[in-house]
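Inside the fold
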Amino acid sequence: MDFVMIENQFTNTVEEVSKAAGWTVDRKIVLAIASKYVASGKTFDSVKYKEVLQEMKKQTSWTSPLRTTVGYSIAANLMEQEDTEQEVKNLLSNVKIMKEVKFRSGNFSFIGAQFLTEEESEKRAHAQAARALFDAIRKHHRFLTSYDDIPYAVLLSSPSDDVELRAETMNRYYKELRTYNFNVGNELQWLSQILTFLSPHYDTKLVSSAATICDTLKKQDVKVKTMHYPLLGFLAILEVNQVQLQQIVDLYHELKGMKLLKWHREFVLFMAIQIAVYDMAKVQQSLSMSIMSSIELLIQAQQAAMLAAVSAAAVASSSS
């Protein structure tokens, strides 16, 4: 892996995203978008990005979440579609369906709306399943479950799913993770949710695997914060081996030295894992494109949730 090339690509992409998004956009949004493109090996198209942003403004009122910080993140996810106008219409249609099944409209429902099935005839059933899963999760964690769980509820549900079983398994993972000294909170709940990605049935290996990965990273001076807990879930379900984990550690320490990330070190582990997962997909036939696509969506959901929280904190700070 060419670290110099990665650094150069990241530096150039950050500059491109920053110019396209504008100077008022939170730096964390810019870094998150840039890391996504560098990890996937795709080139950021600033013209297309501006086109999406403009179309989003055209189709929404000034009070829409798409006009806020989270809109810049969502715009980056819509860029690969040729018909920008139709893609924004589709997103807003999904948002309407989410609202119809009683999800509260806001940043997280817009994030979750991106992950509804593309099958038009199944969208409402998917949204209803997501709502049922959300409610089932809340039965176990009444005060912990909130709007930031909406994207995961959409990603991890389907009309044919046994939502009660999945929610029970999530709760079981959550309780077991606590015995490994993970900090309680939203991030631990997200980790427990991600561990059900491959199956709603309990897997005896996953919790110990996530804990081992966490310990291995920490022993090699990788700063693992609570916001990184879901990343451990990605690595556990992918069954990363020691060689692959060492690759992530090496990449982490290389990226940590970048000037662009000096004041945003929390993004280093996100980037290292994103890049490593894409690299794994190139050599592992077992990582199908459907799994890779879902993993990418999970990472996007986690970053978007983190950025939405940052945005909310910034708004609260400015209004106090």
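Everything here concerns the structure above.
Residues numbered from 1 in each chain as written. Predicted model: local features only at pLDDT ≥ 70, side-chain atom pairs only at ≥ 80, totals over all residues. Heavy atoms only, no water.

**Structural notes on the pattern of salt bridges**
Our working rule: In what follows, salt bridge is the name for a side-chain nitrogen of Lys or Arg lying within 4 Å of a carboxyl oxygen of Asp or Glu. Every helix listed is a DSSP run of H or I at least four residues long, and every strand listed is a run of E at least two residues long, numbered separately from the N terminus. Exposed residues in this analysis have more than 50% of their type's maximum accessible area, buried residues have under 20%, and partly exposed residues fall in between, with area computed by a 1.4 Å probe over protein chains only.
Under the criterion given, the structure shown has 11 salt bridges. Ionic pairing is found between Lys-28 and Glu-266, a salt bridge with its closest N-O pair at 3.9 Å. Of this pair, Lys-28 sits in helix α2 (residues 27–40) while Glu-266 is found in helix α14 (residues 266–283), placing the two residues 238 residues apart along the sequence. The same class applies to Lys-28 as to Glu-266, namely buried. When the shortest N-O distance is used, the salt bridge between Lys-48 and Glu-51 registers 3.8 Å. Remark: Glu-51 and Lys-48 occur in helix α3 (residues 46–59); sequence separation between them is 3 residues, near one turn of the helix. Here Lys-48 falls in the buried class, since its relative accessible area comes to 13%. Among the residues examined, Glu-51 registers a relative accessible area of 40% and is labelled partly exposed. One salt-bridge network, in which partners are shared between bridges, spans Arg-131, Asp-135 and Arg-138.

**Digging into the packing of aromatic side chains**
For clarity, the cut-off: For Phe, Tyr and Trp, rings pair up if their centres lie within 6.5 Å, where Trp contributes its six-membered ring, and each pair is then called stacked (planes under 30 degrees apart), edge-to-face (over 60) or tilted (otherwise). Any Lys NZ or Arg CZ found within 6 Å of a ring centre and within 35 degrees of that ring's normal is scored as a charge over the ring.
Applying the stated criterion across every chain yields a total of 7 aromatic pairs. Judged by centre distance (5.5 Å) and plane angle (85°), the ring pair of Tyr-37 and Phe-44 falls under edge-to-face. Just as Tyr-37 is buried, Phe-44 falls in that class too. Plain terms: the ring middles of Phe-103 and Phe-134 are 5.7 Å apart, the flat faces sit at 80° to each other, and that makes the pair edge-to-face. One end of the pair, Phe-103, is in the loop between α5 (84–100) and α6 (107–113); the other, Phe-134, is in helix α7 (residues 123–140), with 31 residues separating them in the sequence. In this structure Phe-103 comes out as buried when scored by relative accessible area, which is 2%. Each member of the aromatic cluster is reached from another via a ring pair, and the members are Tyr-37, Phe-44 and Tyr-49. The side chain of Arg-172 reaches across the aromatic face of Tyr-202, ending 3.5 Å from its centre.

**A word on unusual backbone geometry**
Here Asn-181, not a glycine, exhibits a phi torsion of approximately 70°, which is positive. Structurally, the position occupied by Asn-181 is in the loop between α9 (163–178) and α10 (186–194). Owing to a relative accessible area of 68%, Asn-181 belongs among the exposed residues under this scheme. One non-glycine residue, Asp-221, lies in positive phi territory at about 60°. Along the chain, Asp-221 falls in the loop between α11 (206–219) and α12 (229–237).

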